[in-house]
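Understanding the architecture of this molecule
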Amino acid sequence: MSNGPHAKLAELGLTLPEVASPAGSYVPAVQSGQHVYVSGQVPVAEGKLLATGKVGAGISAEQAKDLAARCALNALAAVDALVGLENVVKIVKLTGFVASAPGFTGQPGVVNGASDLFGAVFGEAGRHARSAVGVAELPLDAPVEIDVIVEVA
């Protein structure tokens, strides 16, 4: 399976992290039928939030885009732990939430960080429907959070 998602991640210089422990009364991902619903993922690495604050005030749009990619990597870890990345048929829907300073309107560019990672890992199967939403606050003062719906075999 040299061209599978794990190989693509390796080509990108990425490895899947440990699945982040939920910060509340929920599970990281749940399968219902042919879909996996991934709970909101914030940019955590090794148990620590990589940044806090608002995009457009202290967090640049480019930094936030990188943080969104980390959220996507965390989402992939949750999918892999539940059903295995090799069973992904399609990334169906991505919702990105961006903690935005007043006047910041670059949410789509920030969420591209997650979209681009899914595309790099899954090719055409990584293209998805999407929403990019500016919000006043996110849990733990995270700048970005995503959730994902994935179709699996």
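In this report, we go over the structure that sits alongside the text. Fair warning: this is a prediction, and the values are worked out from it, not measured in the lab.

Over its 23 residues, helix H2 (residues 61-83) extends 33 Å from the first C-alpha to the last, a length consistent with the 33 Å expected when each residue adds 1.5 Å. Just downstream of H2 lies Gly84, where phi reads positive at about 90°.

Across all of its chains, the model carries 4 salt bridges by this definition. Where Lys54 meets Glu137, a salt bridge forms, and the shortest distance between an N and an O atom there is 3.1 Å. With Lys54 in strand S5 (residues 54-55) and Glu137 in the loop between strand S8 (129-135) and strand S9 (144-152), this pair connects stretches of sequence that are 83 residues apart. A salt bridge links Lys65 to Asp116, with the nearest nitrogen and oxygen atoms 3.8 Å apart. Here Asp116 lies in helix H3 (residues 107-122) and Lys65 lies in helix H2, a separation of 51 residues in the sequence. The partly exposed category is assigned to Asp116, whose relative accessible area is 43%.

Thresholds applied
- Residues numbered from 1 in each chain as written.
- Predicted model: local features only at pLDDT ≥ 70, side-chain atom pairs only at ≥ 80, totals over all residues.
- Heavy atoms only, no water.
- Helix = DSSP H or I, 4+ residues; strand = E, 2+ residues; numbered from the N terminus.
- Expected span 1.5 Å × (residues − 1).
- Salt bridge = Lys/Arg side-chain N within 4 Å of Asp/Glu carboxyl O.
- Buried < 20%, exposed > 50% of the residue type's maximum accessible area, 1.4 Å probe, protein only.

Geometric values such as these leave the question of function open.
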